[in-house]
Structure formats: C-alpha cells, structure tokens
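# Structure at a glance
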Amino acid sequence: MITLVLLGVLALAVFGCVCVVWAERGGPRWVRVVAAVTVGLGKLLDSSRKRARSSSGNNSSDE
C-alpha cells in the first residue's frame with residue numbers, strides 16, 4: 001500500500017515538472033496553473049526546510 005502512495009507522489013512530482021517545462025514553452029492555461037502551483041509548493045517546502053534547519057541549532061550553510 002505504501003508503495004502505491006509513493007508511486008502516486010512520484011507521478012505527481014514528475015507531472016508537475018513536465019508542466020513547468022511545458023509552461024516555459026508557452027503551454028495552455030491549465031499547464032501554466034499547474035506549473036505555478038508546482039513552483040509555489042517547491043518554494044514553500046524549501047523555506048520550511050530552511051526554517052527547520054535554522055531552528056535546530058545547526059547554522060552551517062550548504063549553499
């Protein structure tokens with residue numbers, strides 16, 4: 001069961017990435033919406049990861 005959930009998440013991530021590339025090339029409106037949601041979620045996850053890392057006391061940067 002967990003395998004199916006992970007495969008579903010992987011499929012959604014791949015679909016989102018495909019939509020981002022397609023939107024950059026001028027895809028239809030729904031593709032641009034999916035791409036915007038994908039990019040927004042990526043930024044949200046990145047900022048939450050950075051906040052979690054800074055609050056854990058580890059102030060070293062990997063950038």
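First things first, this report covers the structure right here in the doc. (Residues numbered from 1 in each chain as written. Predicted model: local features only at pLDDT ≥ 70, side-chain atom pairs only at ≥ 80, totals over all residues. Heavy atoms only, no water.)

## Looking at the environment of valine 31
- Of note, valine 31 is situated in helix H2 (residues 29-55).
- Assessed through its relative accessible area of 0%, valine 31 is described here as buried.
- Each C-alpha atom, one on valine 31 and one on cysteine 19, is 5.4 Å from the other, the two residues being 12 residues apart in sequence.
- Beyond its immediate stretch of four places on either side in the chain, valine 31 contacts Cys19, Trp22 and Ala23. (Helix = DSSP H or I, 4+ residues; strand = E, 2+ residues; numbered from the N terminus. Buried < 20%, exposed > 50% of the residue type's maximum accessible area, 1.4 Å probe, protein only. Contact = heavy atoms within 4.5 Å.)

## A few points about the packing of aromatic side chains
- Counted according to the given criterion, the structure contains two aromatic pairs.
- Ring centres of tryptophan 22 and tryptophan 30 lie 5.7 Å apart, and the angle between their planes is 90°; this geometry places the pair in the edge-to-face category.
- For tryptophan 22, a relative accessible area of 39% gives the class partly exposed.
- Given the relative accessible area of 46%, tryptophan 30 is considered partly exposed.
- Clustering of aromatic rings is evident, with ring pairs tying together Phe15, Trp22 and Trp30. (Phe/Tyr/Trp six-rings, centres within 6.5 Å; stacked < 30°, edge-to-face > 60°.)

## Overview of helix H1 (residues 2-24)
- Over its 23 residues, H1 extends 33 Å from the first C-alpha to the last, a length consistent with the 33 Å expected when each residue adds 1.5 Å.
- Turning to H1, its buried residues number three or more, namely Gly16, Cys19 and Ala23.
- On its buried face, H1 is in contact with H2. (Expected span 1.5 Å × (residues − 1).)

## With respect to the pattern of salt bridges
- If you walk through the whole model with that rule in mind, you get two salt bridges.
- Here arginine 49 makes a salt bridge to aspartate 46, at a shortest N to O gap of 2.8 Å. Within this pair, arginine 49 and its partner aspartate 46 are both found in helix H2, separated by three residues, close to a single helical turn.
- Residue classification places arginine 49 among the partly exposed positions, given a relative accessible area of 41%.
- Take aspartate 46: its relative accessible area is 30%, and that puts it in the partly exposed class.
- Salt-bridge contacts for lysine 50 lead to aspartate 46; the nearest nitrogen and oxygen are separated by 3.6 Å. Remark: aspartate 46 and lysine 50 occur in helix H2; sequence separation between them is four residues, near one turn of the helix.
- Residue class for lysine 50 comes out partly exposed when judged on its relative accessible area of 37%.
- Taken together, the shared-partner salt bridges connect Asp46, Arg49 and Lys50 into one network. (Salt bridge = Lys/Arg side-chain N within 4 Å of Asp/Glu carboxyl O.)

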